[in-house]
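# Tertiary structure, described
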Amino acid sequence: MTSFSPVDVQIPNSHFIGGKAFNRGEEMDVWRPSDGQAYASISVADLDLVDHAVENAWQAFQQSNWATQSPRDRAKVMKRWADLIEADVNVLAPLEAMGSTRPILAATQWDIPFCAEGIRFFAEFADKCGGEVIPTANGSLGMTITEPYGVVGAIAPWNFPLVMASWKIAPAMAAGNAVVLKPSEMTPFSVVRLAELAIEAGIPPGIFNVVQGDGRVGDAICRHPRISKVTFTGSTKTGALIMTACAQTGTKPVTLELGGKSPQLVFDDIKSIDKVARRIAAAITTNAGQVCVAGSRLLVQKGIADQLVSRISDIFTEMVSGPTWQSDVTMSPIISSRELDRIDGVVQRTVQQGGELFAGGGRLDEENRTFYKPTILTNVNMSMEAVHDEIFGPVLCVETFDSDDDALQLASHPSYGLSAGLHTADLNRAMRMVKALEAGTVWVNRYGRSWDFAIPTGGFKSSGIGKDLGRFAYEANQKTKSVLIDFSADEA
Ligand code: NAD
């Protein structure tokens, strides 16, 4: 997909319930991150509409054959859906790119195929992952049977609208559930196209529904009595509210993929400063740092610190900022000017507190209010908000260390534990660090997402509960029933 004009993109209706897209509810403007223009509005669901969506999903769960058909047939339908998504790239990619921070090249080459492949990955579990026979006393048979929950509530963030939504809905649907999804109010439309394609693939109407609105709509989904499980990706603050809502109205199980402040540890035995610098730069500039696993803390051994940081700063200058509809763009806009002001506030306050601006700092230029310069802060420490808090922008905080123990001490965060990166040629050191780091994912001599969907992702501590991707994510969308049958001769 090459450059396109944002005015040519067709915007779907807001909600998708029972197989139909429609508008109903108060209008809320939606802005393009690239230029801050309001380009459309969504109609915000009220409580009645949320109820309608959940009841529709429940009816579809009970009355269609989605959960009861042979799991292999369900997998086939989901794979057809994935094929349609991939074939729809010329519609989906501009829709995703125009309304989000994803540049068109990235949306075409990564977001759309990654979303489709993730759906295929989960579809394949449908007839391969189930209960087990349990060793019990002679004359009895013990086993577990897995069953779908019914209706799963899914709530997604704005940073990778299609991919994050697919990680929620694909395992839930492959396991036989119906889903009510609420995307972020900032990036509402691409998932509606996904729902249209689900119908085209043969997924029964009502199995995949989309309702639009802000946090109040998400809260109503979580609290609905027919919702049996909630799967959420977003901030740690919202995760706590969701957990509370689920505890008060269930108790409902939750999967929470939350925020992070991920360290990257670089040791002086690395073979190539340039290669590692490229990895570190990519880990904080991809999607302008608006990535849960952004490698936002660089911890580097003293001897190579100056050289590495200078090289990263050089690489930053190669980034091409521009509207997401331009095919040469590699640096994303910030989701909104309000978020950009928040990011800049953190950087400015850090400098006032003694932090040093090694590179960047500030918006790209006065006219371009939605692009932030890739930034490096040095002379910082954990007592500063820039090091402690998730910034969710292209801001890299650099600290230096002498020994392995120092590195581990610096890497430890009081609350987050999402991911970490290790860059070293010493395998023994790497394995010691892997064991010691408190992080849900540790990448060694690489950083960031891969196409290995079988590797689960999820955080420790305040970074979340449960996993997306991998077998765990599929299993978390099923209940386990225990069965014990007595067949000793004189029973019954
Ligand atoms: P957010 O928490 O503000 O919003 C996420 C979603 O929750 C949105 O759809 C929002 O409307 C909804 N919501 C808000 N209040 C709610 C409530 N009380 N009840 C129910 N739903 C509610 O997060 P965001 O700004 O959209 O996304 C950025 C955050 O997401 C960052 O913290 C990032 O680290 C995190 N994230 C985590 C992962 C991961 O895999 N761990 C992946 C992507 C993003």
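Thresholds, definitions, all that
Residues numbered from 1 in each chain as written. Predicted model: local features only at pLDDT ≥ 70, side-chain atom pairs only at ≥ 80, totals over all residues. Heavy atoms only, no water. Helix = DSSP H or I, 4+ residues; strand = E, 2+ residues; numbered from the N terminus. Rg over C-alpha atoms; globule rule 2.2 N^0.38 Å. Buried < 20%, exposed > 50% of the residue type's maximum accessible area, 1.4 Å probe, protein only. Areas by Shrake-Rupley, 256 points an atom, 1.4 Å probe, with all protein chains shown as cover. Lys, Arg positive; Asp, Glu negative; His and termini not counted. Charge placed at Lys NZ, Arg CZ, Asp CG, Glu CD. Axes fitted to C-alpha atoms, helices over the stretch in contact; angles between N-to-C directions. Parallel < 35°, antiparallel > 145°, perpendicular 65-115°, else oblique. Contact = heavy atoms within 4.5 Å. Nonpolar A, V, L, I, M, F, W, Y, C, P; charged D, E, K, R; others polar. Pairing = 2+ DSSP bridges. UniProt positions renumbered as here; feature names shortened; annotations may be inferred. Phe/Tyr/Trp six-rings, centres within 6.5 Å; stacked < 30°, edge-to-face > 60°. Lys NZ or Arg CZ within 6 Å of the ring centre and 35° of its normal. Near = heavy atom within 4 Å. Polar contact = N/O pair within 3.5 Å; in protein donor to acceptor, adjacent residues only side chain to side chain. Domains from an automatic or database assignment. Patch = residues over 30% accessible without salt bridge, like charges linked within 9 Å, V, L, I, M, F, W, Y side chains within 5 Å. Salt bridge = Lys/Arg side-chain N within 4 Å of Asp/Glu carboxyl O. Buried area = accessible area lost by both parts, 1.4 Å probe.

By the naming in an unreviewed UniProt entry, the protein goes by Aldehyde Dehydrogenase and is assigned to Marinomonas posidonica.

### Quick notes on the overall build of the protein
In terms of regular secondary structure, the protein is built from 15 helices and 22 strands. Rg of the C-alpha trace for the protein: 24 Å, near the compact-globule value of 23 Å for 492 residues, within the 12% margin. Based on the C-alpha atoms only, the size of the protein along its principal axes is roughly 80 × 60 × 40 Å. Relative to its full complement of 492 residues, the protein shows a buried share of 56%. Here the protein has roughly 19,900 Å² of accessible surface; of this, 51% comes from carbon and sulfur atoms. Computing the positive centroid from 44 side-chain charges and the negative centroid from 56, the protein places the two 2 Å apart.

### Describing the packing of helix α2 (residues 71-87) against helix α5 (residues 161-174)
Contact pair α2 / α5: the axes reach a minimum separation of 10 Å and the direction vectors enclose 155°. The angle between the axes of α2 and α5 places the two elements in the roughly antiparallel class. Only I169, A170, M173 and A174 of α5 make contact with α2, whose side of the interface consists of R74, M78 and W81. Residues belonging to the contact of α2 with α5 are distributed by class as follows: six nonpolar, no polar and one charged.

### Comments concerning the sheet that holds strand β5 (residues 133-134)
Pairing is antiparallel in the open sheet, where three strands are placed in the order β5-β6-β22. Of all strands in the sheet, those with a lone pairing partner are β5 and β22 (478-486), marking the two edges. Sheet topology note: the strand β6 (residues 140-148)/β22 ladder contains nine bridges and is antiparallel. Paired with T146 across the strands is T480, a residue of β22.

### Brief notes about the pairing of β6
A regular strand carries its side chains on alternate faces of the sheet. When β5 meets β6, the two strands line up antiparallel, connected through two bridges. Opposite I134, over in β6, you have G142 as the bridge partner. Between β5 and β6, which pair antiparallel one after the other, the connecting turn spans five residues, and G139 there sits at a positive phi close to 85°.

### A closer look at the UniProt feature "active site" (unreviewed entry) in the protein
What UniProt calls "active site" (unreviewed entry) maps, in this numbering, to E257. Looking at the element boundaries, E257 is found in strand β11 (residues 254-257). Setting aside chain neighbours within four positions, we find E257 in contact with K168, F232, T233, G234, T457, G458, G459, S463, G466, K467 and D468.

### Description of the sheet that holds strand β19 (residues 441-444)
Spatially, the seven strands line up as an open sheet ordered β14-β15-β16-β13-β12-β18-β19, and their pairing is mixed. Of all strands in the sheet, those with a lone pairing partner are β14 (356-359) and β19, marking the two edges. Averaged over all pairs of adjacent strands, the angle between strand axes in this sheet comes to 25°, irrespective of strand direction. Pairing of strand β12 (residues 263-266) with strand β13 (residues 297-301) involves four bridges; the strand directions are parallel. Bridge pairing in β13 links P263 to R297. Packed onto the sheet, helix α9 (residues 273-285) meets β12, β13, β16 (395-401) and β18 (419-423) and runs at close to 175° relative to β12.

### Thoughts on the packing of aromatic side chains
Counted according to the given criterion, the structure contains 17 aromatic pairs. Between W158 and F392, the ring centres sit 5.5 Å apart and the planes meet at 80°, which makes this aromatic pair edge-to-face. Of this pair, W158 sits in the loop between β7 (151-155) and α5 while F392 sits in the loop between α12 (385-388) and β16, placing them 234 residues apart in sequence. The same class applies to W158 as to F392, namely buried. An aromatic cluster is defined as three or more aromatic residues linked by ring pairs; in this entry it consists of W110, F114, F121, F122, F125, F160, W167, W451, F453 and Y474. The positively charged end of R471 is found above the aromatic ring belonging to F472, 5.4 Å away from the centroid.

### So, the site of the ligand
Neighbouring residues of the ligand: 28 residues in total, closest E185, S235, T238, L258 and E390. In this structure, S235 approaches the ligand through a side-chain N or O atom, which is 2.7 Å from an oxygen atom. One of the backbone N or O atoms of L258 is found 2.8 Å from a nitrogen atom in the ligand. Of all the elements in the fold, those that place two or more residues in the shell around the ligand are α7 (215-223), β10 (227-233) and α8 (236-249). Its residues assigned to classes, the shell around the ligand shows 13 nonpolar, nine polar and six charged. Looking at the shell around the ligand, you find at least three residues from each of domain 1 (6-258 + 463-480) and domain 2 (263-444).

### Some points on a nonpolar patch on the surface
Taken together, the side chains of V133, L141, I485 and F487 present a nonpolar region at the surface, about 370 Å² in accessible area. Checked against the element boundaries, F487 lands in the segment after β22. Here F487 falls in the exposed class, since its relative accessible area comes to 54%.

### So, the domain arrangement of the protein
One frequently used descriptor of interface size is the decrease in accessible area upon assembly of the parts. According to the domain assignment, the protein contains domain 1 (6-258 + 463-480) and domain 2 (263-444). If you average the C-alpha positions of domain 1 and of domain 2, the two centres end up 31 Å apart. Listed per partner, the contact involves 22 residues of domain 1 and 22 residues of domain 2. Buried surface at the junction of domain 1 and domain 2, both sides included, amounts to about 1,900 Å², of which 63% is carbon and sulfur. For the interface between domain 1 and domain 2, the tally reads zero salt bridges. Counting across the domain 1 and domain 2 interface gives twelve residue pairs in polar contact (both at pLDDT 80 or more). If you list the elements that add at least two residues to the side of domain 1 that touches domain 2, you get α3 (89-99) and α4 (104-123). Taken together, the residues that form the side of domain 1 that touches domain 2 break down as eleven nonpolar, seven polar and four charged.

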